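What follows is each chain in one-letter form.
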Amino acid sequence: MRPAFIAPSMMCADFLHLGDELETLKANKADFLHIDIMDGEFVRNYTLGTDYIRKLHKYSDIPLDIHLMITEPALKISWFEMKPGDYVSVHVEADAHIQRSLAAIKNAGAKAMAALNPGTPLCMLEDLLPDLDGVLLMTVNPGFAGQKLVPQTIDKIRRLRRMLDEAGYENTDIEVDGNVSFENAVKMREAGANVFVAGSSSVFAPGATVAENIAHLRRII
Ligand code: DX5
Ligand code: ZN
């Protein structure tokens with residue numbers, strides 16, 4: 001089984017105390033910082049952007065996990081600063097030439113992932129496997145924090161893990177994004193996920209500190 005990684009979702013961090021949040025995430029060894037980029041078109045929202053990424057690269061060594069929820073990502077990939085160790089994901093639904101976009105991400109020195117909405121079938125990945133460092137499975141419909149899990153995505157994780165292993169891609173990561181609560185994370189891990197986007201359902205959930213929540217999540221996955 002691939003090791004488990006925690007990627008706190010920065011759209012759920014406290015924007016008014018971002019420096020403190022970053023220090024806490026560093027001190028508690030967050031594996032990645034998940035950065036949601038939305039264009040108001042592929043999803044009906046705006047969140048973080050190119051300058052935010054540049055600033056995080058400057059003030060933190062934690063690799064970024066950049067989730068591009070944008071149309072025609074191929075035209076825009078060069079706008080985003082990428083460092084070795086960063087992950088960048090593009091949605092198969094948003095890109096008619098996704099193979100080329102994945103190659104562009106690798107050329108820029110980052111790891112390439114394809115992202116799938118809950119309703120998009122796994123067969124869309126069949127001819128991309130050699131180009132992928134990982135797959136990001138949306139476990140809610142993307143665009144907003146605080147939504148409920150789409151339940152059939154748990155079995156989708158299991159089917160994807162099997163598909164990757166049978167094709168000889170045991171090292172390809174499966175990332176899950178959306179309502180990764182403590183309860184759901186256990187089921188997702190059992191099904192074969194190994195990168196956990198932790199937002200308002202876990203690391204930034206009220207009732208405990210970010211440090212306590214990270215420790216709890218790490219213990220159970
Ligand atoms: C949207 C985001 C969210 C979110 C995760 O694409 O990536 O899924 O930040 O947080 P919760 O736990 O609120 O779903
Ligand atoms: Zn995301």
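Below you will find a few notes about this structure. (Residues numbered from 1 in each chain as written. Chains lettered and ligands numbered in written order. Predicted model: local features only at pLDDT ≥ 70, side-chain atom pairs only at ≥ 80, totals over all residues. Heavy atoms only, no water.)

Right, let's get into the sheet that holds strand β4 (residues 87-91). Strand order in this open sheet of eight strands is β1-β8-β7-β6-β5-β4-β3-β2, and the pairing throughout is parallel. One side of each edge strand has no neighbouring strand; the edge strands of this open sheet are β1 (5-8) and β2 (33-38). Taking the axes of each pair of neighbouring strands and ignoring which way they run, one obtains an average angle of 25 degrees across the sheet. (Pairing = 2+ DSSP bridges. Helix = DSSP H or I, 4+ residues; strand = E, 2+ residues; numbered from the N terminus. Axes fitted to C-alpha atoms, helices over the stretch in contact; angles between N-to-C directions.)

It is worth spelling out empty space enclosed by the protein at this point. Under the counting rule described, the total for this entry stands at one cavity of 30 Å³ or more. The calculated volume of the largest cavity comes to roughly 210 Å³. In terms of lining, the largest cavity is formed by 24 residues, of which the most central are S9, F144, A145, D177 and G178. Looking at the lining of the largest cavity, the elements with two or more residues in it are β2 and β3 (64-69). Looking at the lining of the largest cavity, its residues break down into 11 nonpolar, 11 polar and two charged. (1 Å grid on protein atoms, 1.4 Å probe; cavity = no way out; pocket = protein on both sides within 12 Å on 5 of 7 lines; lining within 4 Å. Points joined across faces, edges and corners; volume = space filled by probe spheres on them. Nonpolar A, V, L, I, M, F, W, Y, C, P; charged D, E, K, R; others polar.)

It is worth spelling out the pattern of salt bridges at this point. Enumeration according to the criterion identifies eight salt bridges in this entry. The partner of D51 in a salt bridge is R54, and the shortest N-O contact between them spans 2.6 Å. Of this pair, D51 and R54 both sit in helix α2 (residues 50-59), three residues apart, roughly one helical turn. Judged by relative accessible area, which is 37%, R54 ranks as partly exposed. Ionic pairing is found between K187 and E183, a salt bridge with its closest N-O pair at 3.9 Å. Of this pair, K187 and E183 both sit in helix α6 (residues 182-191), four residues apart, which is roughly one turn of the helix. If you follow the salt bridges from partner to partner, you end up with D155, R158 and R159 in one network. (Salt bridge = Lys/Arg side-chain N within 4 Å of Asp/Glu carboxyl O. Buried < 20%, exposed > 50% of the residue type's maximum accessible area, 1.4 Å probe, protein only.)

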